[in-house]
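# Analysis of the macromolecular model
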Amino acid sequence: MTNLRVGHGYDVHRLVPGRKLILGGVEIPWEKGLLGHSDADVLVHAVMDALTGAARLGDIGKLFPDTDPAYKGISSLKLLGEVGRLLEKMGFAVANIDAALLAQAPKVAPYKVQMAENIAAALGIEAERVNVKATTEEGLGFTGNGSGMAAHAVVLVEKTENLS
C-alpha cells in the first residue's frame, strides 16, 4: 500500500466592485475584487480544498464555515496555515502543489512567483514545491466574460507517520 495521496480542489468566486482582489495572498490592483466571507482568495481556496481532500478532512466549508463570524474578512493564507498544521498533525507532508487560476483579466503573470512563495510560506514548505499558472478561457463562460474567477489545484501528499 502506498503512502501517497492526491487531492483536487476547485473554487469559484464572483467579481464585484468595491472589494480588493487577493490572489495567492497578493493584492492585485484592479477595478473589481472577489466576493466572499473571507478575503475570497479563489486560488488559495482551491489549494486548501485539494489538501483537505487528500487528507480526508472534508472541505474548507466544513473546517471554516462562512456562517462563523470569526472568518469574516480573514486572510486565506492564515486558513491555509491552519490546514497545513492539521496535515502535519495527521502525519502528512506536502510533496507538491500545482494550481491554475482561470481569469480573463487582469493579467497575473507578474505576481505568480510571489503567489507560489506565499502559499509555500503558509505551509512551511519550499517554494519549489508550488507551481502557480494562469489562463484565460478565450472569452467563454463566467471567467471569460469577467463576472468571476475560478481556480483548480492538484496536490500530492505523503503519509510520513502512522498516527492513530
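Placed above this text is the structure.
Residues numbered from 1 in each chain as written. Predicted model: local features only at pLDDT ≥ 70, side-chain atom pairs only at ≥ 80, totals over all residues. Heavy atoms only, no water.

## Considering the packing of helix α1 (residues 42-54) against helix α3 (residues 76-89)
Defined as follows: Between N-to-C directions, angles cover 0 to 180 degrees, with each direction set by a line fitted to C-alpha atoms, over the stretch in contact for helices. Strands are runs of DSSP state E lasting at least two residues, helices are runs of H or I lasting at least four, and both sets are numbered from the N terminus onward. Should an angle fall under 35 degrees it is called roughly parallel, over 145 degrees roughly antiparallel, and 65 to 115 degrees roughly perpendicular, with every other angle called oblique. Handedness of each helix crossing follows the sense of rotation of the near helix against the far helix: counterclockwise by less than a right angle gives left-handed, clockwise gives right-handed. Note on definitions: a residue-residue contact is assigned when non-hydrogen atoms from the two residues lie within 4.5 Å. Residues are grouped as follows: Ala, Val, Leu, Ile, Met, Phe, Trp, Tyr, Cys and Pro are nonpolar; Asp, Glu, Lys and Arg are charged; all remaining types, including Gly, are polar.
Here α1 crosses α3 at 15°, and the two axes come no closer than 10 Å. In terms of orientation, α1 lies roughly parallel with respect to α3. For the pair α1 and α3, the crossing hand works out as left-handed. Residues Val44, His45, Val47, Met48, Leu51 and Thr52 of α1 form the contact with α3, whose participating residues are Ser76, Leu77, Leu79, Leu80, Val83 and Leu87. For the contact of α1 with α3, a count of residues per class yields 9 nonpolar, 3 polar and no charged.

## Some details on the packing of aromatic side chains
Threshold: Each pair of aromatic rings taken from Phe, Tyr and Trp, with Trp reduced to its six-membered ring, is defined by centres within 6.5 Å and is described as stacked if the planes are under 30 degrees apart, edge-to-face if over 60, and tilted in the remaining cases. Three labels apply to residues, based on accessible area from a 1.4 Å probe with only protein chains included: buried if under 20% of the type maximum, exposed if over 50%, partly exposed otherwise in between. In this scheme, Lys NZ or Arg CZ marks a charge over a ring once it lies within 6 Å of the ring centre and within 35 degrees of the ring normal.
Per the stated rule, a full pass over the model turns up 1 aromatic pair. Ring plane angle 80° and centroid distance 5.4 Å describe the contact between Phe64 and Tyr71, whose orientation is recorded as edge-to-face. One exposure class covers both Phe64 and Tyr71, and it is buried. For the cation-ring pair, Lys159 lies above Phe92, with the distance from its terminal atom to the ring centre recorded as 4.6 Å.

## Thoughts on the pairing of strand β6 (residues 130-135)
Applicable threshold: Two strands qualify as a pair provided that DSSP identifies no fewer than 2 bridges between them. By convention, orient the strands away from the viewer: a clockwise path from the first strand over the helix to the second makes the crossover right-handed.
Note that strand β5 (residues 92-102) and β6 share 6 bridges and pair parallel. Across the sheet, the residue bridging to Leu102 is Thr135, located in β6. Tracing the backbone out of β5, into helix α4 (residues 112-123) and back to the parallel element β6 gives a crossover that is right-handed.

## Looking at α4
Residues spaced three or four apart along an α-helix point in a common direction, a consequence of the helix completing one turn every 3.6 residues. Test applied: The span one expects for a helix is its residue count, reduced by one, times 1.5 Å.
End to end, α4 covers 17 Å across 12 residues, agreeing with the expected 16 Å (1.5 Å per residue, within 8%). In the core, the buried residues of α4 are packed alongside β2 (21-23), β3 (26-28), α1, α3, β5 and β6. Within two residues after α4, Gly124 carries a phi angle of roughly 70°, on the positive side.

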